Amino acid sequence: MSDELLVVRAQLGERAALAELVTRWRVPVWTYVRRMLDAERADDVSQEIWLAVVRGLPRLREPGRFAPWLFTIARRSVTDRLRGQYAREPETLTAGEAAAGDPVEAMVDRAELISALTRLPVPEREVLVLYYLEDLSVEDCAQVCQVPAGTIKSRLSRARRLLRAHLQEGERS
């Protein structure tokens, strides 16, 4: 069943449709949030996102645009959390932890990638995550970030350049 049909059914009060939407999108939303924040805060922010979704779903006018709408809510929640963090303590983003059980080399590579991602400015990191890891189009990224598509393309270009530089810098050290 399509997301659009599930949204319409959920808007009509069908709990099973809402449960299916949550089941389908819980991991992608948490993954997006986790890539923007640390694991502890990702759980809290993900719960806040789903509360906002449940409250806002009846007002969603275009059920076919559920994914960009959902990631817009996620983006706002992450931004609010980051704003609060920066107000309390500047520059304390931590690199994520490698998954247990991975081979050592894969853990090192993943840790380097996560470290490089966390060193990117938030707008560039956000666009990389939405575009490459959440598979949103440039247009959907623009809608989520509330900027023109050209700005998304510029941020993607800058993000790739910065990420490449951070990874090459890590290889040299």
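Read on for a plain summary of the structure. The numbers attached to residues start from 1 for each chain and follow its sequence in the written order. Under the rules for a predicted model, residues below a pLDDT of 70 receive no local features and side-chain atom pairs below 80 are neither given nor counted, while totals for whole chains, interfaces and linings still include all residues. Hydrogens are left out, water is left out, and the side-chain values use all remaining heavy atoms of the structure.

A side chain of one charge can pair with a side chain of the opposite charge if their charged atoms are brought near each other. Here, a salt bridge means any side-chain nitrogen of Lys or Arg that lies within 4 Å of a carboxyl oxygen of Asp or Glu. Summed over the entire model, instances satisfying the criterion amount to nine salt bridges. Across the pair E20 and R24 runs a salt bridge whose closest N-O atoms are separated by 3.4 Å. Highlighted residues: E20 and R24, both in helix 2 (residues 15-36), separated by four residues, approximately one helical turn. Three exposure classes are used, based on accessible area relative to the maximum for each residue type with a 1.4 Å probe and protein chains only: buried under 20%, partly exposed in between, and exposed over 50%. Residue classification places E20 among the partly exposed residues on the basis of a relative accessible area of 33%. Strands are runs of DSSP state E lasting at least two residues, helices are runs of H or I lasting at least four, and both sets are numbered from the N terminus onward.

Further remarks concern the nonpolar core. Nonpolar side chains tend to gather and get buried jointly when the protein is soluble and globular. Ranked by size, the top nonpolar core spans 45 residues in total, and within it Y32, V33, I49, F66 and I152 carry the most contacts. Looking at this core, the elements that each hand over two or more residues are helix 1 (3-11), helix 2, helix 3 (39-56), helix 4 (66-88), helix 5 (104-118), helix 6 (122-133), helix 7 (138-145) and helix 8 (149-172). A total of nine residues in this core trace back to one element, the largest contributor, which is helix 4. Take the buried Ala, Val, Leu, Ile, Met, Phe, Trp, Tyr and Cys residues and link them wherever side-chain atoms come within 4.5 Å; each set so joined is a nonpolar core.

Space inside and on the surface of the protein is sampled on a 1 Å grid over the protein atoms alone, with a cavity defined as a set of points where a 1.4 Å probe fits but cannot get out and a pocket as an open set with protein on both sides within 12 Å along at least 5 of 7 lines; lining residues have an atom within 4 Å of a point. Grid points are joined across faces, edges and corners, and a volume is the space filled by probe spheres set on the points. Put simply, the second largest pocket is a space of about 170 Å³. Taken together, R59, L60, R61, E62, R65, P68, W69, T72, R76, Q143 and Q146 make up the lining of the second largest pocket. Per element, the largest residue contribution to the lining of the second largest pocket is four residues, and it comes from helix 4. For the lining of the second largest pocket, a count of residues per class yields three nonpolar, three polar and five charged. In this classification, the charged set is Asp, Glu, Lys and Arg, the nonpolar set is Ala, Val, Leu, Ile, Met, Phe, Trp, Tyr, Cys and Pro, and all remaining amino acids, among them Gly, are polar.

Examined against the element boundaries, G150 turns out to sit in helix 8. Exposure remark for G150: the relative accessible area of 42% places this residue in the partly exposed category.

Once that is clear, we can look at unusual backbone geometry. The phi dihedral of D135 falls on the positive side, at around 60°, and the residue is not glycine. Note on placement: D135 falls in the loop between helix 6 and helix 7. Taking the relative accessible area as the measure of exposure, D135 reaches 67% and is therefore exposed. The phi torsion at Q146 lies on the positive side, around 60°, for a residue other than glycine. Residue classification places Q146 among the exposed positions, given a relative accessible area of 53%.

To estimate the expected span of a helix, subtract one from its residue number and multiply by 1.5 Å. The end-to-end C-alpha distance of helix 2 is 30 Å, a good match for the 32 Å that 22 residues give at a rise of 1.5 Å each. The seven residues ending at a residue and the seven starting there each receive a fitted axis; the angle between those axes is the bend at that residue. Of all the bends in helix 2, the largest measures some 45° and sits at W25, one to four residues before the proline P28. Those residues of helix 2 not exposed but buried are A17, L21, W25, V29, T31, Y32, V33, R34 and M36.

In this section: the packing of helix 1 against helix 2. Close contact between helix 1 and helix 2 brings their axes to 8 Å; oriented N to C, the two are set at 140°. What the angle tells us is that helix 1 and helix 2 run oblique. The element helix 1 and its partner helix 2 pack so that their crossing is left-handed. Of the residues in helix 2, those in contact with D3, L6, V7, R9 and A10 of helix 1 are A17, L18, E20, L21, R24 and W25. Helix axes use the C-alpha atoms of the stretch in contact, all axes being lines fitted to C-alpha atoms, and the angles between their N-to-C directions lie in the range 0 to 180 degrees. When an angle is under 35 degrees it counts as roughly parallel; over 145 it counts as roughly antiparallel; between 65 and 115 it counts as roughly perpendicular; any other value is oblique. Crossings are classed by handedness, with left-handed meaning an anticlockwise turn of the near helix from the far one by less than a right angle and right-handed meaning a clockwise turn. Should any heavy atoms of two residues lie within 4.5 Å, those residues are considered in contact.

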